[in-house]
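# Summary of structural features
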Amino acid sequence: MDDHATRLTIDLSALKANWLTLDRLSGAAETGAVVKADAYGLGIETAVPALVKAGCRTFFVAHLSEAIRARAVAPDAAIYVLNGFAAGRMPDYVAYRLRPVLGSGGEIAAWRERPEDAEPAALHIDTAMNRLGLRLEAALELAGSMPLADLGIGLTMTHLASAEEPEAADTRAQIARFSALQAVIQAPDSPNRTIRASLCNSSGHFIPDLPFFQLTRPGYALYGGNPTPGRANPMQPVIRLDAPVIQILDVPAGEAVGYNGRWVAQRDSRIATVSCGYADGFPRNAGNGPEHSGGVAIVAGQECPFAGNVSMDLITIDVTDVPESSLRAGDFVTLIGDTLDIDRVGVAGRTIGYEILTNLGRRYRRLAIGA
Ligand SMILES: *Cc1c(COP(=O)(O)O)cnc(C)c1O
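Residues numbered from 1 in each chain as written. Predicted model: local features only at pLDDT ≥ 70, side-chain atom pairs only at ≥ 80, totals over all residues. Heavy atoms only, no water.

### As for the overall build of the chain
Short version of the rule: Put simply, DSSP marks the helices as runs of H or I at least four residues long and the strands as runs of E at least two long, and each gets a number from the N terminus on. Per-residue and other accessible areas follow the Shrake-Rupley method at a 1.4 Å probe size, with only the shown protein chains counted as cover for residues. Positive residues here are Lys and Arg, negative ones are Asp and Glu, while His and the chain termini are left out of the count. Here the site of a charge means NZ on Lys, CZ on Arg, CG on Asp, or CD on Glu.
If you tally the helices and strands in the chain, you get ten helices and 20 strands. With respect to the principal axes defined by its C-alpha atoms, the chain has extents near 80 × 40 × 35 Å. A total of about 16,100 Å² of accessible surface is found on the chain, and carbon and sulfur atoms cover 51% of it. Here the chain holds 33 positive side-chain charges and 41 negative ones, and the gap between their average locations is 3 Å.

### Details of the layout of surface pockets
Formally: Using a 1 Å grid laid over the protein atoms alone, points where a 1.4 Å probe fits but cannot get out form a cavity; open sets with protein on both sides within 12 Å along at least 5 of 7 lines form a pocket; any residue with an atom within 4 Å of a point counts as lining. Grid points are joined across faces, edges and corners, and a volume is the space filled by probe spheres set on the points. Under the grouping applied here, Gly and all other residues not named as nonpolar or charged are polar, the nonpolar ones being Ala, Val, Leu, Ile, Met, Phe, Trp, Tyr, Cys and Pro and the charged ones Asp, Glu, Lys and Arg.
Put simply, the largest pocket is a space of about 860 Å³. Lys36, Tyr40, His159, Asn201 and Tyr354 are, among the 34 residues lining the largest pocket, the residues nearest its centre. For the lining of the largest pocket, the secondary structure elements donating two or more residues are α2 (36-40), α9 (342-348) and α10 (353-358). Of the residues in the lining of the largest pocket, the class split is 18 nonpolar, eleven polar and five charged. Of the volumes computed, that of the second largest pocket is approximately 280 Å³. Pro237, Val238, Ile239, Gly337 and Asp338 are, among the 17 residues lining the second largest pocket, the residues nearest its centre. Taken together, the residues that form the lining of the second largest pocket break down as nine nonpolar, four polar and four charged.

### Describing the packing of aromatic side chains
Put simply, the rule reads: Only the six-membered ring of Trp is used, alongside the rings of Phe and Tyr, when aromatic pairs are assigned; centres must lie within 6.5 Å, and planes under 30 degrees apart are stacked while those over 60 apart are edge-to-face, with the rest tilted. Relative accessibility under 20% of the residue-type maximum defines a buried residue, over 50% an exposed one, and the middle range a partly exposed one, all with a 1.4 Å probe and only protein chains included. A ring is scored as having a charge over it whenever the NZ atom of a lysine or the CZ atom of an arginine sits within 6 Å of its centre and within 35 degrees of its normal.
One pass over the full model with this rule turns up nine aromatic pairs. Aromatic side chains Phe85 and Trp111 sit 5.2 Å apart centroid to centroid with 85° between the ring planes, which places their arrangement in the edge-to-face category. A residue pair is termed long-range when its members are at least 10 positions apart, and Phe85 in the loop between β5 (78-81) and α5 (90-95) and Trp111 in helix α6 (residues 105-111) qualify at 26 residues. You can call Phe85 buried: its relative accessible area is 7%. Assessed through its relative accessible area of 0%, Trp111 is described here as buried. Note on Tyr93 and Trp111: the rings are 6.5 Å apart at their centroids and 75° apart in plane angle, and the pair reads as edge-to-face. Within this pair, whereas Tyr93 is found in helix α5, its partner Trp111 is found in helix α6, the two being separated by 18 residues in sequence. This pair shows no difference in class: Tyr93 is buried, exactly as Trp111 is. These aromatic residues form a ring-pair network of at least three members: Tyr40, Tyr220, Tyr223 and Tyr354. Note that Arg7 overlies the ring of Phe332, its terminal NZ or CZ placed 3.8 Å from the centroid.

### Considering the pairing of β5
Basically, it comes down to this: Convention used here: a crossover is right-handed provided that the path from the first strand, over the helix, to the second strand proceeds clockwise when the strands point away from the viewer. One bridge is not enough; two strands pair if DSSP finds at least two bridges between them.
Neither face of β5 is open: one carries Ala78 and Tyr80, the other Ile79 and Val81, and all of them are buried. A crossover connection joins strand β4 (residues 58-61) to the parallel β5 through helix α4 (residues 64-73); in handedness this β-α-β unit is right-handed. In the sheet, β5 pairs with strand β6 (residues 99-102) via two bridges, with the strands oriented parallel. Within β6, the position partnered with Val81 by the bridge is Pro100.

### Considerations on the site of the ligand
Just so we agree on the cut-off: Think of it this way: one heavy atom of a residue within 4 Å of a molecule or strand is enough to make that residue near it. Side-chain atoms alone can form a polar contact between residues adjacent in sequence; in general such a contact is a pair of N or O atoms within 3.5 Å, and within protein one must be able to donate a hydrogen while the other accepts it.
Taken together, the neighbourhood of the ligand is formed by 13 residues, with Lys36, Tyr40, Ser202, Tyr220 and Tyr354 sitting nearest. Within the contact set of the ligand, an oxygen atom lies 2.5 Å away from a side-chain nitrogen or oxygen of Ser202. When isolated, the ligand has an accessible area of 390 Å², and the protein chains bury 93% of it. Here the residues of the shell around the ligand are counted per class, giving seven nonpolar, four polar and two charged.

### Considerations on unusual backbone geometry
The backbone phi angle of Asp38 is positive, close to 55°, even though this residue is not glycine. Mapped onto the elements of the fold, Asp38 is located in helix α2. Phi angles above zero are rare outside glycine, and Asp338 is one such case at about 55°. Relative to the elements of secondary structure, Asp338 occurs in the loop between β19 (332-336) and α9. With a relative accessible area of 58%, Asp338 lands in the exposed category.

### Description of the packing of helix α3 (residues 44-54) against α4
For clarity, the cut-off: Under this scheme, a helix contributes an axis fitted over its contacting stretch, all axes are lines through C-alpha atoms, and angles between N-to-C directions fall in the 0 to 180 degree range. Put simply, angles under 35 degrees are roughly parallel, angles over 145 are roughly antiparallel, angles from 65 to 115 are roughly perpendicular, and the rest are oblique. With the far helix as reference, a near helix turned anticlockwise by less than a right angle produces a left-handed crossing, and one turned clockwise produces a right-handed crossing. Residue contacts are defined here by distance: any two heavy atoms, one from each residue, within 4.5 Å place the two residues in contact.
In the contact formed by α3 and α4, the axes pass within 9 Å of each other and the chain directions differ by 50°. Compared by their axis directions, α3 and α4 come out oblique. For the element pair α3 and α4, the recorded crossing hand is right-handed. Residues Ile44, Glu45, Val48 and Pro49 of α3 pack against Glu66, Arg69, Ala70 and Val73 of α4.

### Description of the environment of Val319
With respect to the secondary-structure elements, Val319 resides in the loop between β18 (315-318) and β19. Residue class for Val319 comes out buried when judged on its relative accessible area of 0%. Separated by 46 residues in the primary sequence, Val319 and Thr273 place their C-alpha atoms 9.8 Å from one another. Once residues lying within four places of it in the same chain are set aside, the contact partners of Val319 are Arg270, Ile271, Ala272, Val299, Cys304 and Leu327.

So, in structure tokens, the structure goes:
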């Protein structure tokens, strides 16, 4: 065998196509991109330049450190930092021309001390989640007491708690609350009428009649996740993960495979051991045992179930149904790709596709195609 490296392939033309699809859906509103968590595991330095090429001009990250990395590859973009503003880092916000997302009176007060050349911040308004942001009443009071621009604020935003359930009462209520706030802030006679607003994440792009306001914030769908769960995925797959077979073993009926013997061969079986495990971010919960039917791999064109627990660095796969001549050590099996999209892998691992992406391993050989 030439090489034991597990390959993560990132299709940048699919990433760009997904951004363009969302951009078309958002109509006159600007379409941003959320690249927090290292661009959902794909790598900021890989994903951001491709999104810039597609036309994206506004990025959202969670941490200041991510914003500084994004700035290095997107010199002209607007970059917002979602996870609040720490006053002690003011010099970095100014030097890198970053925009904090302010969510409390304390943060707003700290941002008032900004130098004149600081870029405009965003104001986060909590319309349901009780997680981050000013409460609606506090935001109304603030906007009524002085022009937000005087506070160094150029954007107001809120985040939908259940956007993938468009008919849910709480989604409708959040849209109504944020729209009512914008009716005041952006009223023709308001001193704040030029302050932009942003509501919609990936799934929001698919909610009928959702007001897009002036800027959208998709993340998951850019990377190929299904923003419309239960319906066909309108996005293109962006990643695939192929792992090499290190060894193929004959396991007689009655013998167990893997840690704690959770999978016992019901017939004379063949087991392929591949080089990928939970240390690579592949969910340990994707193991197959008596109480959970978990992960599968595509082996020589055929879906084959995992056999037993996922180990730290290895996965064992029941390849008994694959003709012996079609699989040899050194061949690659597909863990993500083709029929195994990230949403399905998430379900198999008793988690969600988002976590499959953000845990993508550091040991993979990463190959970006379609640049
Ligand atoms: C993560 C995040 C998004 C993107 O959500 P997706 O579901 O990945 O599209 C948008 N806005 C905020 C505030 C976020 O934290």
